[in-house]
Amino acid sequence: MSWRLILAIVLLALGASVWGGIQMGNWLVENGPLRAPNMVAIEEAAQLMPTLDADGKPYVTPAPQPLVNGRLGIPEELEGFEWKIVAKTADKYNPPIALANTKLSASALSDLRQQGATSPGGLQGIARIGPSTGSNRSSGQQAIQPVDVTIPPPPPTAPVPNVGRNSSWIPQFQRELAACSQKGFFERPSCSWDARNKYCGPNNAWGQVEGCPSR
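Residues numbered from 1 in each chain as written. Predicted model: local features only at pLDDT ≥ 70, side-chain atom pairs only at ≥ 80, totals over all residues. Heavy atoms only, no water.

Peer 1: Please set out the overall build of the protein residue by residue, giving values where relevant.
Peer 2: The secondary structure content of the protein amounts to six helices and two strands. Taken from N to C terminus, the helices and strands of the protein fall in the order α-α-β-β-α-α-α-α. Per-residue burial for the protein yields a buried fraction of 12% across its 215 residues. Residue pairs at least 24 apart in sequence account for 46% of intrachain contacts in the protein once pairs closer than 6 positions are excluded. Counting every atom, the protein has about 18,600 Å² of accessible surface; 60% of that belongs to carbon and sulfur. (Helix = DSSP H or I, 4+ residues; strand = E, 2+ residues; numbered from the N terminus. Buried < 20%, exposed > 50% of the residue type's maximum accessible area, 1.4 Å probe, protein only. Contact = heavy atoms within 4.5 Å. Areas by Shrake-Rupley, 256 points an atom, 1.4 Å probe, with all protein chains shown as cover.)

Next comes the structure, spelled out in structure tokens:
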């Protein structure tokens, strides 16, 4: 048997298998089992019904976001942490507010700051814990007194420029400086210093008038 005959037989077998597979597929499509009409309606209604989460709300798939490791994905939910504030009764050993129970002067305050005195409750300086109970008042403990604080003196007033009796040149000087600020970048410095030398020097106003720096 020659190789040509063998090749022809193989090609005919392949063609027959392909044609038979197509015919078998068409027969299965035409004669396959059909779904019941009531099941089709149930499936369509289920597809239209939104998916609900544990709270009964429509479930929405979270969008992916950058993770700590540099990838893009949905982060894992963190486990909840149960915490609560422990109730604690306020008494003479646990006062709610630290108060000063003595009248202190400014010198006493400075001494406390220098010594770094610490109260029994762990507070430093003028913070003193002094519970104001009836037993303490009967035992002769002083009542809570305000702390004397020395009011600082007012800031000194700005010195009046000593430019002599004639100060009519100042408006003209300010106008020339304003005109210099409108010039170009390279011309502005020389123009400003020409105006300063013209007015600040003859009137002895260096460091006394705005625009005349100290020399």
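Peer 1: Describe the packing of aromatic side chains, with residues and values.
Peer 2: Tallying each qualifying case throughout the model produces four aromatic pairs. Ring centres of tryptophan 169 and phenylalanine 173 lie 6.0 Å apart, and the angle between their planes is 55 degrees; this geometry places the pair in the tilted category. Taken as a pair, tryptophan 169 and phenylalanine 173 lie in helix α5 (residues 169–181) at a separation of four residues, close to a single helical turn. Since its relative accessible area comes to 7%, tryptophan 169 is described here as buried. Taking the relative accessible area as the measure of exposure, phenylalanine 173 reaches 0% and is therefore buried. Aromatic pair phenylalanine 173 and tyrosine 199: ring centres 5.7 Å apart, planes at 55 degrees, arrangement tilted. Of this pair, phenylalanine 173 sits in helix α5 while tyrosine 199 sits in helix α6 (residues 188–199); the two residues are 26 residues apart in sequence, bridging distant segments of the chain. Classification of tyrosine 199 as buried rests on a relative accessible area of 11%. Counting every residue linked through ring pairs, the aromatic cluster contains Trp169, Phe173 and Tyr199. Above the face of the tryptophan 193 ring, arginine 196 is positioned so that its terminal group lies 4.7 Å from the ring centre. (Phe/Tyr/Trp six-rings, centres within 6.5 Å; stacked < 30°, edge-to-face > 60°. Lys NZ or Arg CZ within 6 Å of the ring centre and 35° of its normal.)

Peer 1: Residue-level account of the nonpolar core, with values.
Peer 2: The tendency in soluble globular proteins is for nonpolar side chains to be buried side by side. Among the nonpolar cores identified, the biggest contains ten residues, and these are Trp169, Phe173, Leu177, Ala195, Tyr199, Cys200, Ala205, Trp206, Val209 and Cys212. For this core, the secondary-structure elements that each account for two or more residues are α5 and α6. Take this core: its biggest share by element is three residues, from α5. (Core = buried A, V, L, I, M, F, W, Y, C linked by side-chain atoms within 4.5 Å.)

Peer 1: Kindly report on the environment of leucine 72, identifying the contributing residues and their values.
Peer 2: Considering the arrangement of structural elements, one finds leucine 72 in strand β2 (residues 72–73). Discounting chain neighbours no more than four positions away, the residues touching leucine 72 are Pro64, Gln65 and Pro66.

Peer 1: An account of the side chain of serine 192 is needed here, citing residue identities and associated values.
Peer 2: With respect to the element layout, serine 192 can be found in helix α6. Judged by relative accessible area, which is 12%, serine 192 ranks as buried. Filtering out sequence-adjacent residues up to four positions away, serine 192 remains in contact with Leu177 and Cys180.

Peer 1: Help me get a handle on the state of the cysteines, residues and values and all.
Peer 2: For the structure shown, the criterion picks out two disulfides. Cysteine 180 shares a disulfide with cysteine 191; S-S distance 2.0 Å. Torsion about the S-S bond of the cysteine 180 and cysteine 191 cystine: about -60 degrees, corresponding to left-handed handedness. Of this pair, cysteine 180 sits in helix α5 while cysteine 191 sits in helix α6, and the two are eleven residues apart along the sequence. This pair shows no difference in class: cysteine 180 is buried, exactly as cysteine 191 is. A sulfur-sulfur separation of 1.8 Å characterises the disulfide bridge that pairs cysteine 200 with cysteine 212. (Disulfide = S-S within 2.5 Å.)

Peer 1: An account of the side chain of arginine 196 is needed here, citing residue identities and associated values.
Peer 2: Looking at where arginine 196 falls in the secondary structure, it is placed in helix α6. Here arginine 196 occupies a buried position and makes no salt bridge, while the nearest side chain of opposite charge, aspartate 194, is found at 9.2 Å. At 2.7 Å, the side chain of arginine 196 and the backbone oxygen of glycine 211 are in polar contact. Among all residues touching arginine 196, those that are not within four sequence positions of it are Phe173, Gly201, Trp206, Gly211 and Pro213. (Lys, Arg positive; Asp, Glu negative; His and termini not counted. Salt bridge = Lys/Arg side-chain N within 4 Å of Asp/Glu carboxyl O. Polar contact = N/O pair within 3.5 Å; in protein donor to acceptor, adjacent residues only side chain to side chain.)

Peer 1: Outline the confidence of the model for the protein, listing residues and values.
Peer 2: This prediction gives the protein a mean pLDDT of 76; 70% of its residues lie at or above 70. Helix α4 (residues 134–138) is the least confidently modelled element of the protein, averaging 44 in pLDDT, while helix α1 (residues 3–31) averages 91, the highest of any element. Across residues 128–141, where pLDDT falls below 50, the model places 22 contacts with residues more than four positions away in sequence or in other chains. (pLDDT = per-residue confidence, 0-100.)

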